[in-house]
Amino acid sequence: MVDLERIKAEIVAYFRALDEAATQRYHFRHADEEGGLWYIEAVPDRGELVVIRQAELTSAGQLHRYSARSSRLEQQGVGYIRAVCTE
């Protein structure tokens, strides 16, 4: 049987470690089709950029934030996005 709690804890620990050890950070902004704005922070890991923090400001003015330190991330597993970009 798969221990989902252990796997989730390991993933959260991975993102936290990336965040704490990062010497380079990249920031991106994107406007989506619904009029929302996305702000993304990524760090390099093994030749890829890994998103460690993201925020969405919806067209209705609601702010949603996701990071390894977010309780929502730990509860729902949201925000595990790996953006494949070569350095």
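What comes next concerns the included structure. It should be emphasised that the depicted structure is a prediction, and the values quoted were computed from it without experimental measurement. (Residues numbered from 1 in each chain as written. Predicted model: local features only at pLDDT ≥ 70, side-chain atom pairs only at ≥ 80, totals over all residues. Heavy atoms only, no water.)

A separate point is the overall build of the protein chain. From N to C terminus, the protein chain includes two helices and five strands. In the protein chain, the succession of α and β elements from N to C terminus is α-β-β-β-β-α-β. Considering the protein chain as a whole, with its 87 residues, one finds that 28% of them fall into the buried category. Here the contacts in the protein chain between residues at least 6 apart in sequence split such that 41% fall between residues at least 24 apart. Taken as a whole, the protein chain presents about 6,000 Å² of accessible surface, with 54% of it coming from carbon and sulfur. (Helix = DSSP H or I, 4+ residues; strand = E, 2+ residues; numbered from the N terminus. Buried < 20%, exposed > 50% of the residue type's maximum accessible area, 1.4 Å probe, protein only. Contact = heavy atoms within 4.5 Å. Areas by Shrake-Rupley, 256 points an atom, 1.4 Å probe, with all protein chains shown as cover.)

For side chains of opposite charge, pairing can occur when their charged atoms come near one another. Enumeration over the complete set of coordinates arrives at seven salt bridges. Linking Glu 5 and Lys 8 is a salt bridge whose minimum nitrogen-to-oxygen distance equals 3.9 Å. Of this pair, Glu 5 and Lys 8 both sit in helix H1 (residues 4-21), three residues apart, roughly one helical turn. Residue Lys 8 is classed as partly exposed on the basis of its relative accessible area, which comes to 23%. Across the pair Asp 19 and Arg 53 runs a salt bridge, and its minimum N-O distance is 2.6 Å. Placement of Asp 19 in helix H1 and of Arg 53 in strand S3 (residues 48-57) is noted, with a sequence separation of 34 residues between them. The class for Asp 19 is buried, based on a relative accessible area of 11%. Looking at Arg 53, the relative accessible area reads 29%, which means it is partly exposed. A network of salt bridges, in which partner residues are shared, links Asp 19, Arg 25, Glu 41 and Arg 53. (Salt bridge = Lys/Arg side-chain N within 4 Å of Asp/Glu carboxyl O.)

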